[in-house]
Amino acid sequence: MYKTNLIIVLLSISSPIFAYIGPGMGGGVIVGVLGVVGAVFLALFGILYYPIKRLVKNRQKKKET
């Protein structure tokens with residue numbers, strides 16, 4: 001309990017820090033987020049592509065016979 005109160009007090013009396021993060025950092029964050037979203041999309045596409053492709057091929061074979 002004492003540690004929790006101490007952490008709360010220390011965090012509440014902290015002084016503001018004025019720092020400039022430049023536009024490069026914002027661009028890096030955007031690229032990182034787009035990379036993660038793209039990787040998730042490609043993973044889902046890769047997992048779902050082959051079963052769907054196999055299903056379509058099987059339906060085409062059934063129509064031919």
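Above this text sits the structure in question.
I will try to describe carefully the structure that is included in this document. These figures come from a predicted structure and were not determined experimentally. (Residues numbered from 1 in each chain as written. Predicted model: local features only at pLDDT ≥ 70, side-chain atom pairs only at ≥ 80, totals over all residues. Heavy atoms only, no water.)

Let's talk about a nonpolar patch on the surface
Okay, step 1: Where nonpolar side chains cluster on the molecular surface, the patch consists of V36, V40, L44, I47, L48, I52 and V56 and spans about 660 Å² of accessible area.
Okay, step 2: Along the chain, I52 turns up in helix 2 (residues 23–64). (Patch = residues over 30% accessible without salt bridge, like charges linked within 9 Å, V, L, I, M, F, W, Y side chains within 5 Å. Areas by Shrake-Rupley, 256 points an atom, 1.4 Å probe, with all protein chains shown as cover. Salt bridge = Lys/Arg side-chain N within 4 Å of Asp/Glu carboxyl O. Helix = DSSP H or I, 4+ residues; strand = E, 2+ residues; numbered from the N terminus.)

Here's the deal with the environment of G38
Okay, step 1: Assignment of secondary structure puts G38 in helix 2.
Okay, step 2: A residue is classified by how much of its surface remains accessible, and G38, at 28% relative accessible area, is partly exposed.
Okay, step 3: Along the backbone, G38 and I7 are 31 residues apart, and their C-alpha atoms lie at a distance of 39 Å. (Buried < 20%, exposed > 50% of the residue type's maximum accessible area, 1.4 Å probe, protein only.)

Structural notes on helix 2
Okay, step 1: Here helix 2 contains 42 residues, and its C-alpha end-to-end distance of 59 Å stays within 8% of the 62 Å for a straight helix at 1.5 Å per residue.
Okay, step 2: Most pronounced at Y49, the bend in helix 2 amounts to some 30°, and the proline P51 follows within four residues. (Expected span 1.5 Å × (residues − 1). Bend = angle between axes of the 7 residues up to and from the residue.)

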